[in-house]
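Topology and contacts: notes
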Amino acid sequence: MKRKFSLSIKANIFISIFALTLVLIIALWSLQVFFFDVIYKTSKKNDIERATTLISSNLEGSVLDYNGTAKLSSFAKQISLEYELCVKIYNCSQGYTELTSTDCTDDACFLHKLNDRALLLSWLTSATNEDTFTNVIEKGDFDSYILNGFSGDASDTLVSVTTASDDSGTLYLIVLSSVAEPAQALVSVFRAMLGFVSLFLVITAVVISLVLASRISKPIVSMSRDAKRLAQADYEVEFVEKGPKEITELAKTLNYTAGELGKLDSMQKELIANISHDLRTPLTMISGYAEMMRDIPSENTPENLQIIIDETSRLTSLVNDMLSVSRLQAGTQKMDIRRVNLTNAVFQTVERYARFKEHNDFVINFEYDDTVFIMADEIRLLQVIYNLINNAINYTGVDRTVTVKQTIENDIVRISVCDTGDGIKEEDLPLIWDRYYKVDKIHRRAVVGTGLGLSIVKNILLAHGSRFGVSSELKKGSIFWFEFKIVE
Ligand code: ADP
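1. Overview of the overall build of the protein chain
Each helix and strand in the protein chain was counted, giving eleven helices and twelve strands. Per-residue burial for the protein chain yields a buried fraction of 37% across its 488 residues. Looking at the protein chain as shown, the accessible area adds up to about 28,800 Å², and 57% of this sits on carbon and sulfur atoms.

This is the structure we're talking about:
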């Protein structure tokens, strides 16, 4: 068979985390390369618009005298410092008298080099029509607005223009400008930071993947070693329940499996011992009696022959039980579901038992009010009733009484088989339905069967979808019951 190449968990985790880190770093760098300018421009645009609104609302409604102009100038300066931009306010009523301008030492400042009255007039018209507008003036277009050119490096510039009137009705044109490109120094700082973050991400990814890989792979490696021991039938193996939740749960399940396999193994060993004992006893009897009858002609009596017949049928029922349970569990036997007279089936079984066990002084009562029909596989149903009554007879108390009751509630019929025996310990109750389980570990052929009876009952009732159960009180007895839906 061709072996598929597969990576270890460690390698898988390492590769996945590394790939994630790589994607993050690529995303960060593409953000820097492709979107930094756009983000910077958008944030600058928001700033300049906010500053414009602040200045125009400060101007509106106020009467500006000489002091007022001074106040406006200091307010504009404060805003310009706060938002890193330049402000010019013109009194339009006096033919664009420059009222206030913030100090600007930048040789490349578009606003402070601007000497274009036609442009101011067009801005005034646009601002009067549109209230406020913001434009990006690209550095390539500067020459068309500015006469003397720049001595420094030009940058794309954001210009925000608005108009405002004071109480006396004087109209002002407020123009703000701000560089729309990030300064080279800022770009370099940002790149250096990105470089640092990338390095940090790589180191973190390595550390996290190493820690994670060892946390996950260590318990799995030890679990796989223990599982190999389990596969070699070492049921004492203990899986370490430590590590991430799923692994702890897997370890718990494997511990449970090991426990169950161990139990099954010892039950099977016990069963083989019991069965060989059970098979050997009748076989010894049969061969002993047959030899005796061959050697001593006077022993050739019907009684001795009956013993041989009885022992043969004991062997047959033992083998049948074993076959039944394995077929039921493998699901190879098909069910033949028909309308069955349940009351009659129970009655017949009880009758047969009462007759058969007569010489043992057993009292088997059947209490019922009505005759009910159910849908079931009759042969299997009889097996259930037979096994429950048989157990009750085997385990009932000194009064040798077994009571079978049929009760009806709405459209459900319940058959209960009650005995007066020692009862079953609470911790054994869920286990008695298991294959080969026997409460009494000491094998007593006369009383106890193969440990398969209740497993047969359980499998048949499960196949019918019936409810069933047992309640038991120590020293008082047990009640085994099952339910079926009544049909017309
Ligand atoms: P067995 O052939 O040993 O009776 P079963 O599967 O019928 O096997 O029963 C499993 C175990 O359940 C029995 O070994 C016995 O310990 C217990 N058990 C079953 N029926 C009764 C009962 N009526 N009273 C007490 N114990 C019971």
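After presenting the structure, the write-up continues.
2. Looking at a nonpolar patch on the surface
On the surface, L31, V33, F34, F35 and I39 cluster together into a nonpolar patch covering about 510 Å² of accessible area. Looking at the element boundaries, F34 is found in helix α1 (residues 9-59).

3. As for the confidence of the model for the protein chain
On average, residues of the protein chain carry a pLDDT of 83, and 88% of them reach 70 or more. In this model, residues 443-448 is a region of pLDDT below 50 whose contacts with residues beyond four sequence positions or in other chains number 14 contacts.

4. Some remarks on the pairing of strand β9 (residues 401-409)
Pairing between strand β7 (residues 363-367) and β9: five bridges, direction parallel. Within β9, the residue paired with F366 across the bridge is V404. Looking at chain direction, β9 and strand β10 (residues 412-419) are connected through eight bridges and run antiparallel. Note that in β10 the partner of V404 across the bridge is V417.

5. Things to note about the side chain of D156
For D156, the position within the fold is in the loop between α5 (142-145) and β4 (157-165). Sequence-distant contacts of D156, defined by excluding residues within four places in its chain, comprise K41, V136, I137, E138, K139, S178, V179, A180 and E181.

6. Let's talk about unusual backbone geometry
For N410, which is not a glycine, the phi torsion comes out positive at approximately 50°. Take N410: it is sitting in the loop between β9 and β10. Given a relative accessible area of 74%, N410 falls into the exposed group. Within the chain, K475 stands out as a residue other than glycine whose phi angle is a positive 70°.

7. Concerning the packing of α1 against helix α6 (residues 184-231)
The N-to-C vectors of α1 and α6 enclose an angle of 165°; their axes lie 8 Å apart at closest approach. Classified by the interaxial angle, the pair formed by α1 and α6 is roughly antiparallel. Crossing of α1 against α6: the hand is right-handed. Its residues assigned to classes, the contact of α1 with α6 shows 26 nonpolar, seven polar and two charged.

8. Overview of the environment of I308
In this fold, I308 is placed in helix α8 (residues 302-330). Sequence separation between I308 and S287 is 21 residues; the distance between their C-alpha atoms is 8.5 Å. Contact partners of I308, with chain neighbours within four places excluded, come to I286, Y289, A290 and M293.

9. What to know about helix α4 (residues 117-130)
Each full turn of the α-helix corresponds to 3.6 residues, which orients residues three or four apart in the same direction. Along its 14 residues, α4 runs 20 Å from first to last C-alpha, staying within 8% of the 20 Å computed at 1.5 Å per residue. Among the residues of α4, those classed as buried are L119, L120, W123, L124 and A127. Down the axis of α4, the buried set is contained in an arc of 140°. They therefore lie on one face. Of the residues in α4, the exposed ones pointing more than 90 degrees away from the buried face are A118 and N129. After α4 finishes, the residue D131 shows a positive phi value of roughly 75°.

10. Thoughts on the packing of helix α10 (residues 378-395) against helix α11 (residues 453-464)
Axis separation between α10 and α11 bottoms out at 9 Å; the angle between their running directions is 145°. Note on packing geometry: the crossing formed by α10 with α11 is left-handed. Seen from α10, the contacting residues are R380, Q383, V384, N387, L388 and N391; seen from α11, they are G453, L454, I456, V457, I460, L461 and H464. Looking at the contact of α10 with α11, its residues break down into seven nonpolar, five polar and one charged.

11. Concerning the pattern of salt bridges
In this structure the tally under the stated criterion is 14 salt bridges. Here E260 makes a salt bridge to K263, at a shortest N to O gap of 3.0 Å. Note that E260 and K263 are positioned in helix α7 (residues 245-295) at a spacing of three residues, about one turn of the helix. With a closest N to O distance of 3.0 Å, R338 and D336 form a salt bridge. Here R338 falls in the exposed class, since its relative accessible area comes to 53%.

12. Observations regarding the nonpolar core
Residues L381, V404 and F482 are the most contacted members of the largest nonpolar core, which totals 38 residues. Among the secondary structure elements, those contributing two or more residues to this core are α9 (342-356), β7, β8 (373-376), α10, β9, β10, α11 and β12 (477-487). Among the elements that make up this core, the one with the highest residue count is α10 (seven residues). Filtering out sequence-adjacent residues up to four positions away, L381 remains in contact with V340, L342, A345, I374, F482 and F484.

13. Focus: the sheet that holds β4
On the basis of which strands lie adjacent, the open sheet formed by five strands has the order β2-β1-β5-β4-β3 and antiparallel pairing. On the outer flanks of this sheet lie β2 (97-101) and β3 (132-137), each paired with one strand and no other. Taking each pair of neighbouring strands and ignoring which way they run, the sheet shows an average axis angle of 20°. Here β3 runs beside β4; their pairing, made up of six bridges, is antiparallel.

What counts, and at which threshold
- Residue numbers run consecutively from 1 along every chain, following the written order of its sequence.
- pLDDT decides what is reported in this predicted model: residues at 70 or higher carry local features, side-chain atom pairs at 80 or more are listed and counted, and totals for whole chains, interfaces and linings draw on all residues regardless.
- Hydrogens are left out, water is left out, and the side-chain values use all remaining heavy atoms of the structure.
- Only DSSP runs of H or I with at least four residues qualify as helices, and only runs of E with at least two residues qualify as strands; both kinds are numbered from the N terminus onward.
- The buried label applies to any residue whose accessible area, calculated with a 1.4 Å probe on protein chains only, is under 20% of its type's maximum; exposed applies above 50%, and partly exposed to all values in between.
- Computed with the Shrake-Rupley method and a 1.4 Å probe, the accessible areas treat only the protein chains shown as cover for residues.
- Exposure above 30% relative accessible area and no salt bridge define the residues that can form patches, which grow by joining like charges within 9 Å and nonpolar side chains of Val, Leu, Ile, Met, Phe, Trp and Tyr within 5 Å.
- Salt bridges are counted wherever a side-chain nitrogen of Lys or Arg sits within 4 Å of a carboxyl oxygen of Asp or Glu.
- Confidence per residue, as judged by the predictor, is encoded in pLDDT with a range of 0 to 100.
- Residue contacts are counted whenever heavy atoms from the two residues lie within 4.5 Å of one another.
- When DSSP locates at least two bridges between a pair of strands, those strands are taken to pair.
- Every axis corresponds to a line fitted to the C-alpha atoms, with the helix fit spanning only the stretch in contact, and the corresponding angles, defined between N-to-C directions, vary from 0 to 180 degrees.
- An angle below 35 degrees is treated as roughly parallel, one above 145 as roughly antiparallel, one from 65 to 115 as roughly perpendicular, and anything else as oblique.
- Crossing chirality is assigned from the near helix's rotation relative to the far helix, an anticlockwise turn below a right angle marking it left-handed and a clockwise turn marking it right-handed.
- For this scheme, ten residues count as nonpolar: Ala, Val, Leu, Ile, Met, Phe, Trp, Tyr, Cys and Pro. Four count as charged, namely Asp, Glu, Lys and Arg, and the remainder, Gly too, count as polar.
- A helix is expected to span 1.5 Å for every residue after the first.
- The arc refers to the directions leading from the helix axis to the C-beta atoms.
- To form a nonpolar core, buried Ala, Val, Leu, Ile, Met, Phe, Trp, Tyr and Cys residues must be joined to one another through side-chain atoms within 4.5 Å.

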